[in-house]
Amino acid sequence: MAVVPDDQQQEPPPADAESAAGVADPDTGAATQPPDTTPGRWLNQPEAIAAAVLSSAAVLVAELTSVRLAAPYVGMTFETYTSSIGVALAAIALGANRGGRAADTHRPVRLIGPLLLVGGVLMLVARPIVLALGPQVRGTGPLGGVTLIVAAAAVPIAVLAAIPPIAVKTQLRRLDRSGSIVGRFSALGTIGGLVGTFLTGFVLLATLPVSWVLGATGIALLLAGLWYTVRLASLARWAGIGVVLTLVAGGGLVLLPGTCDHETAYYCARVEPDPGRDGGRVLYLDDLTHSYVDLDDPKFLAFAYTQWFAAAIDAHQPTGPVRALHIGGGGFTMPRWLAATHPGSYSKVFEVDPVVLELGREQLGLRTGPRLQVRTDDARTSIMRERTGSYDIVVGDAFGDVSVPWHLTTREFATDVERVLGPDGLYMVNVIDNPPLDFLAAEIATLRAVFPSVTVISTGRGVNGAEGGNFVILAGDRVPTADAIERAADRHEYPLTVATQPQVGSLARNARMLTDDYAPVDQLLTPYRYA
């Protein structure tokens, strides 16, 4: 037997050499990395999944509620939603990047609890921040919307978005399983986001004030953060900090007064008395003085445009009952006026927000019955169920200042309005716009594509295109003459001017009509263009 010299002999491999070098995969024969069993680095899988799912759901709650927080100051517009989505995506990208780096440089299990605590506190302070900052950016358009949403949601979203990559790192004991682990957590995090989206949009915001939604989410995050912190022992000081911050943030969330009495699925709404008139009540929706009602005198019309509506109705049908369809309820001022001035009239109102209907009944003197019916539904879908030729007048009063439901501005909707009007029926729509009056121009062009006759009522400078404000567009097979409208207006306080056809053409310019395929209403109305 050959003898190997001493200087060529090799020492036996260490007992864990096979583990250090890897073992052969039984299916492929390739070497695989062994499990890392370093103590204190891992969470069990249900704990890691729960952290990823909860944080992902909370991200979507923060994104959706940020729109509601900003709306009273910058309007519930497509641009507000765009700002929310853009800010959320940027914050998610930043948070995921920083979370991944932190997981590589720190023990990942030590990070999850503190991040949940911080995220919970930030959810609780989002509303107080917006209440303080909102009045400073009111009326600044998209810039103000981005500012408010950044202030309310960017930091909590970034903090919460850092948790999923950290949770993933706590499960990467073997690199050969990394793809399936990352994929599983990505899918489960997406499911968490979907739960947060549907729960917030369909349930929470429909039944609870925004402050309660934020409070419940913040408390859930804090409780989870405390559990993960205590679970990992040495971070107990974070639990104490979390309790103190919760008390401070929760107090701010609950005690700071908001700008509205009722947070609906669509608006921040409140009713205030008019100190100058005993029966006067003013309805505010978001940042807009929306309606005025005199509880003692339904014939009283406080706003110029409602008086212009009345003059047009009286010029169109001076006596006798009127069958009217109202697009938008608000304070239900015009249905009450019609019932008082044209006895026997029938009104049906499409009001999308059930809370506005409740406010009307509880605080604005609304009494429904056979002659005044209210359907809480979207006008675009509801009008399709109305019989052809069933109304004398359709009153469009659903357009706010910068919050305009675009699907009620299009040629397709105007075609449905034309269908439900009887012979010689009249469509009246209130438009609020400011120079350069791009939205007004587009809406005139749209209605001229559907109705044979279109005119505009406003102030003298308004019909000349020199100033903004309220414009009442009249459309139909025929519209009342300027003389008839002006005679009817003599009974009211606010003067009006009926545009001549050359003035209508000048206001319409060469504007492109609005369709379901093309209706950039928010951009046409953008406030920064008025500066």
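A quick note: this is a predicted structure, and the numbers were derived from the prediction, not measured. (Residues numbered from 1 in each chain as written. Predicted model: local features only at pLDDT ≥ 70, side-chain atom pairs only at ≥ 80, totals over all residues. Heavy atoms only, no water.)

S.K.: Please provide a residue-by-residue account of the overall build of the protein chain, values included.
M.R.: Within the protein chain, the secondary structure is distributed over 19 helices and 14 strands. By residue count, 50% of the 531 residues in the protein chain fall in the buried class. Expressed as a percentage of contacts within the protein chain between residues at least 6 apart in sequence, the contacts between residues at least 24 apart total 75%. Surface accessibility of the protein chain: about 24000 Å² in total, with carbon and sulfur atoms responsible for 59%. (Helix = DSSP H or I, 4+ residues; strand = E, 2+ residues; numbered from the N terminus. Buried < 20%, exposed > 50% of the residue type's maximum accessible area, 1.4 Å probe, protein only. Contact = heavy atoms within 4.5 Å. Areas by Shrake-Rupley, 256 points an atom, 1.4 Å probe, with all protein chains shown as cover.)

S.K.: Break down the pattern of salt bridges for me, citing the residues and quoting the values.
M.R.: In this structure the tally under the stated criterion is 13 salt bridges. A salt bridge links aspartate 416 to arginine 419; the nearest nitrogen and oxygen atoms lie 3.4 Å apart. Highlighted residues: aspartate 416 and arginine 419, both in helix α14 (residues 411-420), separated by three residues, approximately one helical turn. Take arginine 419: its relative accessible area is 22%, and that puts it in the partly exposed class. The closest approach of N and O atoms between arginine 509 and aspartate 438, which form a salt bridge, is 2.7 Å. With a gap of 71 residues between them, arginine 509 in the loop between α18 (501-508) and α19 (521-525) and aspartate 438 in helix α15 (residues 438-448) connect regions that are remote in the sequence. Among the charged side chains, a salt-bridge network with shared partners connects Lys348, Arg375 and Glu386. (Salt bridge = Lys/Arg side-chain N within 4 Å of Asp/Glu carboxyl O.)

S.K.: Give me the pairing of strand β5 (residues 280-285): which residues, what numbers.
M.R.: Judged by how many residues are buried, β5 sits mostly within the fold: five of six residues are covered. Note: strand β4 (residues 268-273) against β5, five bridges, orientation antiparallel. From the neighbouring strand, alanine 269 faces β5, where its bridge partner is leucine 285. Hairpin connection from β4 to β5: six residues lie between these consecutive antiparallel strands. Relative to strand β6 (residues 288-294), β5 is paired through six bridges, and the arrangement is antiparallel. Bridge pairing in β6 places arginine 281 opposite valine 293. (Pairing = 2+ DSSP bridges.)

S.K.: An account of helix α2 (residues 45-74) is requested, with residue identities and associated values reported.
M.R.: Taking 1.5 Å of rise per residue, 30 residues should cover 44 Å, and α2 covers 43 Å from first to last C-alpha, within 8% of that figure. The residue sitting at the N-terminus of α2 and contributing the capping side-chain oxygen is asparagine 44; that oxygen lies 3.0 Å from the backbone nitrogen of glutamate 47. One or two residues past the end of α2 sits glycine 75, with phi positive at roughly 90°. (Expected span 1.5 Å × (residues − 1). Polar contact = N/O pair within 3.5 Å; in protein donor to acceptor, adjacent residues only side chain to side chain.)

S.K.: Residue-level account of a nonpolar patch on the surface, with values.
M.R.: Taken together, Ile191, Leu194, Val195, Phe198, Leu199, Phe202 and Val203 make up a surface patch of nonpolar side chains, about 670 Å² in accessible area. Examined against the element boundaries, valine 195 turns out to sit in helix α7 (residues 178-207). (Patch = residues over 30% accessible without salt bridge, like charges linked within 9 Å, V, L, I, M, F, W, Y side chains within 5 Å.)

S.K.: Residues and numbers for the nonpolar core, please.
M.R.: Core analysis: the biggest nonpolar cluster contains 50 residues, and Leu69, Ile112, Leu116, Leu148, Ile157 and Phe185 have the highest contact counts within it. Sorting the residues of this core by element identifies α2, α3 (78-105), α4 (109-137), α5 (142-161), α6 (163-169), α7 and α8 (210-231) as the ones contributing at least two each. Per element, the largest residue contribution to this core is 13 residues, and it comes from α2. Those residues in contact with leucine 69, other than ones at most four positions away along the chain, are Ala126, Arg127, Val130, Ala152, Val210 and Leu214. (Core = buried A, V, L, I, M, F, W, Y, C linked by side-chain atoms within 4.5 Å.)

S.K.: Could you give me a rundown of the packing of aromatic side chains, with the residues and numbers involved?
M.R.: Considering all chains together, one arrives at eight aromatic pairs under this definition. Judged by centre distance (6.4 Å) and plane angle (65°), the ring pair of tyrosine 292 and phenylalanine 303 falls under edge-to-face. One end of the pair, tyrosine 292, is in strand β6; the other, phenylalanine 303, is in the loop between β6 and α10 (304-316), with eleven residues separating them in the sequence. Grouped by ring-pair contacts, the aromatic residues Tyr292, Phe300, Phe303, Tyr305 and Phe309 constitute a single cluster. A cation over an aromatic ring shows up here: arginine 270 above the ring of tyrosine 284, its NZ or CZ 4.2 Å from the ring centre. Over the ring of tyrosine 518 we find arginine 512, and its NZ or CZ is 3.7 Å from the ring centre. (Phe/Tyr/Trp six-rings, centres within 6.5 Å; stacked < 30°, edge-to-face > 60°. Lys NZ or Arg CZ within 6 Å of the ring centre and 35° of its normal.)

S.K.: Account for the environment of methionine 123, naming residues and giving values.
M.R.: Looking at the secondary structure, you find methionine 123 in helix α4. You can call methionine 123 buried: its relative accessible area is 1%. A sequence separation of 32 residues divides methionine 123 from valine 155, and the C-alpha atoms of the two residues are 9.4 Å apart. Dropping the residues within four chain positions of it, methionine 123 is found in contact with Ala58, Val61, Ala62, Pro156, Leu214, Thr217, Gly218 and Leu221.

S.K.: Tell me about the environment of valine 230, and please be specific about residues and values.
M.R.: With respect to the helices and strands, the residue valine 230 is situated in helix α8. Using a relative accessible area of 56% as the deciding quantity, one classes valine 230 as exposed. Residues valine 230 and glycine 113 lie 117 residues apart in sequence; the distance between their C-alpha atoms is 8.4 Å.

S.K.: I'd like to hear about unusual backbone geometry, residue by residue, with values.
M.R.: The omega torsion of the bond from proline 435 to proline 436 falls at 15°, within 30 degrees of zero and hence cis. Backbone geometry at aspartate 424 places phi at a positive 60°, although glycine is not the residue there. Inspection of the secondary structure assignment puts aspartate 424 in strand β11 (residues 421-433). A relative accessible area of 34% means that aspartate 424 is categorised as partly exposed. Within the chain, arginine 509 stands out as a residue other than glycine whose phi angle is a positive 50°.

S.K.: Which residues make up the packing of α4 against α5, and what values do they have?
M.R.: The N-to-C vectors of α4 and α5 enclose an angle of 175°; their axes lie 8 Å apart at closest approach. Considering their axes alone, α4 and α5 lie roughly antiparallel with respect to each other. Residues Leu115, Val118, Gly119, Leu122, Met123, Ala126, Ile129, Val130, Leu133, Gly134 and Val137 of α4 pack against Gly144, Thr147, Leu148, Ala151, Ala152, Val155, Pro156, Val159 and Leu160 of α5. (Axes fitted to C-alpha atoms, helices over the stretch in contact; angles between N-to-C directions. Parallel < 35°, antiparallel > 145°, perpendicular 65-115°, else oblique.)

S.K.: So what's going on with the sheet that holds β11? Which residues, and what values?
M.R.: Note on sheets: strands pair through backbone hydrogen bonds, and any given pair is parallel or antiparallel. Read across the open sheet, the eight strands follow the order β9-β8-β7-β10-β11-β13-β12-β14; overall the sheet is mixed. Two strands close off the open sheet at either side, each with one partner strand: β9 (372-375) and β14 (497-498). The pairing of strand β12 (residues 453-458) with strand β13 (residues 469-476) spans five bridges and is antiparallel. Bridge pairing links valine 456 to isoleucine 473 in β13. Here α18 sits on the sheet and contacts β12 and β14; the angle it forms with β12, its principal contact strand, is near 85°.

S.K.: So what about the pairing of β12? Which residues, and what values?
M.R.: Across the six residues that make up β12, a large majority, six, are buried. Side chains Ser453, Thr455 and Ile457 project from β12 onto one buried face, and the interleaved Val454, Val456 and Ser458 project onto a second face that is buried too. Across two bridges, the pairing between β12 and β14 is antiparallel. Following the sheet pairing, isoleucine 457 is matched in β14 by valine 498.

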